[in-house]
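Residues per chain are reported as follows:
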Amino acid sequence: MNKIKVKDVHHPGVAEEFDRLTVNDIQKLLTKRDQFVDTGCPACHSLNVKSAFNYQGMDYRRCCECELLYVSPAPTEALHLEYVLNSTAMKFWREIANPGMRESRRPMYQERVEYAKKIIQRFKPNSKNCLEVGAGNGEFAQELTNEQIFNEIVVLEPQELTLNMDSIEVITGGFEELESHERTFDVVFAWELIEHILEPDQFLRLVRKVMNSDGIFIISTPNENSVETRTLGTDSSNIIFDHVRLYNPVAITELLSRNGFRVLDISTPGLLDVERLKQHLDKKTDLFSDNPALHFLLMQDDKITAAFQNYLKENLHSSHMRVVATIDGEWKGSKTPVL
Ligand SMILES: [Zn+2]
């Protein structure tokens, strides 16, 4: 497999244009700020929360218990949906940015398939079917068809998606669509989705509903308690609207456990943290002047920086995480308490 570089995932200029359009989109959303709701922690439901910062016009809070970082006051589900459907930034990503990047992003989806194969072999080797929630352009599902793992691959995606592949069944709709589905699955995937969901308990209730009792749920999401994100703060690509809930290993475990899941595995397999930090340092040489140890590490040769990246990966401090969970116990979810 080819080595994945930052430029393959985030092409130069694209992130800047995406940010510019996002700020415009948020300005429109903020005209309805009087309808926003200020809540406690959506992961652990604690009311012990504090203000964190304002970024691109949105206020962020941090939970003092599980350290979840989240947008609050946040738009209601209805306003959020309206934002997603009318977002010029997301339209740009889908129509202009993404097709040109498709080939260079392929190794990323191939790596996800390799990971999924290992996890299925370890936790649910007799898996027959799977559901992918929030399938984007269907890249992962398409890569999955190259492997003889599943008899049935179903993808759920709110945007119209035409794959023209007999082996993949496409359902158009948001995750709420699962309420009316009777089928159950051995494996449910949700790549880079849960950070966009305002009320994760409702999402997890429906995931449970469509999972076989011994099935597995495989998700990925940014890890906010990572050296990259905590150091770069709002300059991190993790902190961007509409990442409305930014989890860490503690917060996601708390959320899943409250919703009747048991975590089987958590990993932060990232390879790009050090490269990203170095890119920021190249642009602004005094960036880490208040953090001489980090500055020192980043200035070392490739062998040492690779060892540092490996350390982050092994100790759950890389900026993305993957979680595997299974159903264990009752769903004890509810609406997030209002402050
Ligand atoms: Zn919390």
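Here, the structure is the one placed above.
The rules behind each value
- Residues numbered from 1 in each chain as written.
- Predicted model: local features only at pLDDT ≥ 70, side-chain atom pairs only at ≥ 80, totals over all residues.
- Pairing = 2+ DSSP bridges.
- Helix = DSSP H or I, 4+ residues; strand = E, 2+ residues; numbered from the N terminus.
- Buried ≥ 20, exposed ≤ 12 C-beta atoms within 10 Å, placed from the backbone.
- Arc of directions from axis to C-beta.

(A) View of the sheet that holds strand 2 (residues 58-63). On the basis of which strands lie adjacent, the open sheet formed by 4 strands has the order 1-2-3-9 and antiparallel pairing. If you trace the sheet from one side to the other, it starts and ends with strand 1 (49-55) and strand 9 (245-246), each paired once.

(B) Focus on helix 9 (residues 273-283). Three or more residues of helix 9 are buried, namely Asp 273, Val 274, Arg 276 and Leu 277. When helix 9 is viewed along its axis, its buried side chains cluster within an angular range of 165° and face the same direction. Opposite its buried face, helix 9 presents the exposed residues Gln 279, Asp 282 and Lys 283, each directed more than 90 degrees away.

(C) Inspection of the pairing of strand 11 (residues 320-327) at higher detail. With 6 of 8 residues buried, strand 11 lies mostly within the body of the structure. Alignment of strand 8 (residues 211-222) against strand 11, held across 6 bridges, turns out to be antiparallel. Its bridge partner lying in strand 11, Ile 219 is registered against Val 323. Sheet topology places strand 10 (residues 261-267) next to strand 11; 6 bridges connect them, and they run antiparallel. Across the sheet, the residue bridging to Val 263 is Ala 325, located in strand 11.

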